[in-house]
Amino acid sequence: MIPVKLTIEGLYSYQERQIIEFNNLTEAGLFGIFGKVGSGKSSILEAITFVLYGETERLNNRDKRAYNMMNLKSNRSYIEFDFYNYENKLFRATREFKRNSKNFEDVKSPTVVLYEFKNEIWIPLESSDIEKIIGLSYKNFKRTIIIPQGQFKEFIELGATERTKMMKEIFNLHRFDLKDKVSGLVKKNSSNLDQLQGKLSGFEEVSVQKIEELEVELKLAKEHSKIVLEEHLILSEAFEKLKRLKLDFDNLRHRKIEFETLKEQKINIDKKEKNLVIYERIFNSFYQLLKDQIKYSTELELKKYDVENQKKQFLLTENQLKEITKELEIIQPQFEKLHHLRQEETDFVLIAEILKFTKEIETLKERTQKGLFQVEEVKQNEIKINQSIEKKEQEIKDLKANKVDSQIIFEVGNWFNTAKNLQNSISNQQKKIEQVQLQINQLKEELTELNVDKDSFEKENIALKNQFLNRKKEIEEKRNQLEVQQKLAQYAHELHDGEACPLCGSAEHPHIIEVEDVSNNLVLLKDSYAEIEKEEADWQQKVNKVQQIFSRLQIFEDQLKQENNLIDNLNNQSINHLKLFIWTNFDSANYTHFQEIQQNSIRLEKEIEQKNEALKNDRIVLEKERQDLDKFSKALENFKLEEGEKSARINQNEANLKVLSFDDFKTFSEEDILFKAKELSKSNQKIEQTYQALNLNLNDLNPKLASQKTSITLIETQIKEILNELNQVNTQIKASLAEHHLDKIEDVNLILNQHLNISEEQKEINIFKVKYETAKQIINDLELKLDGLIFDKNAFEETEVKFKNSEILKNEASEKVALIKANIDRLTKEFEAKKELLEEQAALQKRADNLKTMKSLFDSAGFVQYVSSIYLRQLCENANVRFHRMTRNQLSLQINENNDFEIVDYLNEGRTRSVKTLSGGQAFQVSLSLALALAESVQANVKAEKNFFFIDEGFGTQDTEAVNIVFETLMNLQKENRIVGIISHVDELKDRIPVALSIVKDEEKGSLIEII
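Everything numeric here is computed off the predicted structure, so don't read it as measured data.

Participant: Talk me through the environment of Phe31; I want residue IDs and the actual numbers.
Facilitator: Along the chain, the position of Phe31 falls in strand S3 (residues 30-35). With relative accessibility at 0%, the residue Phe31 sits in the buried group. As for Phe31 and Ile20, which are separated by 11 residues in sequence, their C-alpha atoms are 13 Å apart. The contact partners of Phe31, leaving out residues within four places of it in the chain, are Phe22, Leu25, Thr26, Phe948, Phe950, Ile979, Val980, Gly981, Ile982, Ile993 and Val995.

The following block contains the structure:
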């Protein structure tokens, strides 16, 4: 991660917005942040971790973090951080939280938004997961990028499990945890083997021998099938001849039967053909004539009906025309007076307006009088409100003078909180010391109960072990002697004259040794040996227990020493913290007095806020009163203008009267005049509308009457033409009746009512004729073909039976050949499949053996721990390059068999000791070396061109020479593309770092940042 820009506003001591452009700082490779204690140096790092992860070292959610982080003089805190991630992509993180305007201590939870810079614009991201962008969790970010105060030694003091977990995350060692993948492969391979075994169980009878037997059987079956097929062909040829003869005789018989039926049908067909000829002749002569006769008769009736209706409509229209002419003669005189009546209507409207304006002028005079009174009242209110505002402003000024500065309250509060935390830490540390001392006393009591002296126990243990060894050796020597005697006794007992001695080979035995029985002595020695071993085991059990107590005692004594050092450190911090109390108006020992001042400050702040709110309301009311005054003044002016306009309108209306006189209607009300005008308007409108409607109707009826008269004449002409057409059709019908020798038209209708389809009927007759002649010809052909031939039914049936039996034998032989072929093909394919399955089984079995070996490797994350230990050793090697130089080759760092860090001390013959034994300065040196090595590994892992590293402690623990070595190390980092920022109050470093930020705390503006 490379920082680009940081913006801070309203955070801790940063009251006003401060912006840090990191470009100039990061280009130098090494830069510093300097300032006095409490100036806000560490707040810069805390702002970066908080905007990214929402976490801080000093505060958590239970500490009312948002309230305590916000500057007490601010109502809004804002952090904005631009940075490049390991993929060299530019991102921005922002967090903002605001104070509740109604509750000073209520600060809303911060809202976070992440952006990515693409195509020259900032694009908001849907997810706020910063770990995916940076590639580090909050804890590992603190260990590798920004290391806050008090956290520098955390990595070397981590337990093995936590350190392995951290290494897995930073170096992506999860990829080496293949246990689940291997287990999945084992399961899948086992499943494949089981499935394969199931498949192979179906191929147990498949073999080369079985295929060869079937091939011999196939050869014999083919020879038999050939013989059966030849016999079947001979029978088939004879049977086919008899079958064709039988078919011809059967066909002749059936044809003769069918021909007799056709003869009977021919009589009806002949009658049908004759009737069709008559129907077709009558249809062609009369059908269209009769159709035209019906058509003209129907049209004639319709036209007659139509002419009657037209005549009735003509009479009705003629009567309407007479009535309208009569009404026009009545209304004509009234219409001629309409212009005078309309002028009278207009005069009534003008008179009504004169009455209306007169009344409105009186109302305006009354409103003007009231308006003058309200203007005077508003002016008095304005004076009173101005006096109230001046009073409240003076009260606020007095309250501010009595209020203590919020920044001082904030700083003193932080001092008391730190003091309280130190006292709590000292108290807790004292309890821990008492607990550790209690454990030490209990262990010493256990040693007393076991009658063990710590100083002499080791010598006593060695002496007893030697004693047990000597006693067991003595018993073993005695047992060996007795066993030799027992063996000699056995040989002596088994010697017989003439038999060779197993020891010397002699066949003569003049003096056989006599040895007493030693079996009982051997049993006693065995029991004694077992008793010594029991005593030794009991003693060893006691030794183990005592050594465990010694180990625990040593651990607790070491812990007691560390805890005492820690409490001394806390006491020193408490003393130093007390020296930082610089506020003369407060008592460092009287926290209650501070709380009272703090509460009083908050009360005064709220009171000032309330006064300001009341002052704001007064000013709003004042502005409203001024607006009302302006509004009333404008209204009075408008009243005067409106009164003048209405007087002018009255004079104008009186001048515009044409028919009526205003003096005649002075006593009338506006409503009465408007009513008269309205009634007169209705009457005038009615006269005009009636006259216009009668003229319109008259204009419509005249053309309509002429049109109706023309229609009647036209229809009468059409009736005459239709009668002529109808007479001509009747004449043609009479001529056709005479031509066909028919007496009346009913005879024609009787024939046509058959409704025959001439083409279909003729088609049916033609088809029958063809069928009849065809049947007759076929019979003649068959009689000619079968002339002189005889069909023997018994000979046919006998041949048919033989043919069917032969066909069955042929099919059986063919089926047998096909079945054997199919079995051979099936077995051949199954044999190939079995061969492939066996090869696959062998491969899977080999894979199963390999997977078993892999599973044993990856169980219990052993491989990940092994890889983690390699990475740790590499880190140690890289860290030692700098650590050797810093310690003048006196110390180095290594990993023991438990993957824990330990120190090799070359001033003490290269012996190892715990990293916890390092001094503060040495701990800083090894932590810095290890942190730089870790950062290098992270950089190599993510393939970043540059990397960033921030240090917030440690330089005050170094002597001058050590500071020079550390500073030289940091300067060399520029050549390694490493960017390092340090936070310190050591003045010596300020002069040696090329570029730095200076943090200055201003009492009014808060912390200010400038580049030096």
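On we go from here.
Participant: An account of the sheet that holds strand S11 (residues 901-905) is requested, with residue identities and associated values reported.
Facilitator: Reading across the sheet, the three strands line up as S10-S11-S12 and stay open at both edges, with antiparallel pairing between neighbours. The open sheet terminates on both sides in strands that have one partner only, identified here as strand S10 (891-895) and strand S12 (911-914). For this sheet, the mean angle separating the axes of adjacent strands, direction not counted, is 40°. For S10 and S11, the ladder comprises five bridges, and the chain directions are antiparallel. Within the sheet, the bridge partner assigned to Leu893 lies in S11 and is Ile903.

Participant: Quick one: what's the story with the packing of helix H11 (residues 406-449) against helix H13 (residues 519-579), residue by residue and with numbers?
Facilitator: The contact between H11 and H13 brings their axes to 9 Å, and the two run at 160°. One element, H11, and the other, H13, form an angle in the roughly antiparallel class. Handedness of the crossing formed by H11 with H13: left-handed. Counted by class, the contact of H11 with H13 contains 19 nonpolar, 13 polar and six charged residues.

Participant: Kindly report on the UniProt feature "coiled-coil region" (unreviewed entry) in the chain, identifying the contributing residues and their values.
Facilitator: Residues annotated in UniProt with the feature "coiled-coil region" (unreviewed entry) correspond here to residues 211-282, 375-485, 515-642, 677-739 and 810-854. Each end of residues 211-282 is marked by a C-alpha atom, and these two atoms are 90 Å apart; helix forms 100% of the span and strand 0%. A helix fraction of 100% and a strand fraction of 0% characterise residues 810-854, whose end C-alpha atoms lie 65 Å from each other.

Participant: Describe a negative patch on the surface, naming the residues involved and giving the relevant values.
Facilitator: A surface patch of like charges, here negative, comprises Glu832, Glu836, Glu839 and Glu840. Inspection of the secondary structure assignment puts Glu832 in helix H18 (residues 793-858).

Participant: Give me the packing of H11 against helix H14 (residues 591-655): which residues, what numbers.
Facilitator: Remark: H11 packs on H14, axes separated minimally by 11 Å, with the N-to-C direction vectors making an angle of 150°. The interaxial crossing formed by H11 with H14 has left-handed handedness. Contact residues: H11 offers Ser406, Ile409, Val412, Gly413 and Phe416, while H14 offers Tyr591, Phe594, Ile597, Gln598, Ser601 and Glu605. Partitioned by chemical class, the residues of the contact of H11 with H14 number six nonpolar, four polar and one charged.

Participant: Now, about the pairing of strand S8 (residues 121-124): what can you tell me, with residues and values included?
Facilitator: Here four bridges tie strand S7 (residues 111-118) to S8, and the two strands are oriented antiparallel to one another. The residue of S8 that forms the bridge with Tyr115 is Pro124. Connecting S7 to the next strand, S8, in antiparallel fashion are two residues, including Asn119 with a positive phi near 55°.

The rules behind each value
Residues numbered from 1 in each chain as written. Predicted model: local features only at pLDDT ≥ 70, side-chain atom pairs only at ≥ 80, totals over all residues. Heavy atoms only, no water. Helix = DSSP H or I, 4+ residues; strand = E, 2+ residues; numbered from the N terminus. Buried < 20%, exposed > 50% of the residue type's maximum accessible area, 1.4 Å probe, protein only. Contact = heavy atoms within 4.5 Å. Pairing = 2+ DSSP bridges. Axes fitted to C-alpha atoms, helices over the stretch in contact; angles between N-to-C directions. Parallel < 35°, antiparallel > 145°, perpendicular 65-115°, else oblique. Left-handed = near helix turned anticlockwise from the far one by under 90°. Nonpolar A, V, L, I, M, F, W, Y, C, P; charged D, E, K, R; others polar. UniProt positions renumbered as here; feature names shortened; annotations may be inferred. Patch = residues over 30% accessible without salt bridge, like charges linked within 9 Å, V, L, I, M, F, W, Y side chains within 5 Å. Areas by Shrake-Rupley, 256 points an atom, 1.4 Å probe, with all protein chains shown as cover. Salt bridge = Lys/Arg side-chain N within 4 Å of Asp/Glu carboxyl O. Lys, Arg positive; Asp, Glu negative; His and termini not counted. Charge placed at Lys NZ, Arg CZ, Asp CG, Glu CD.

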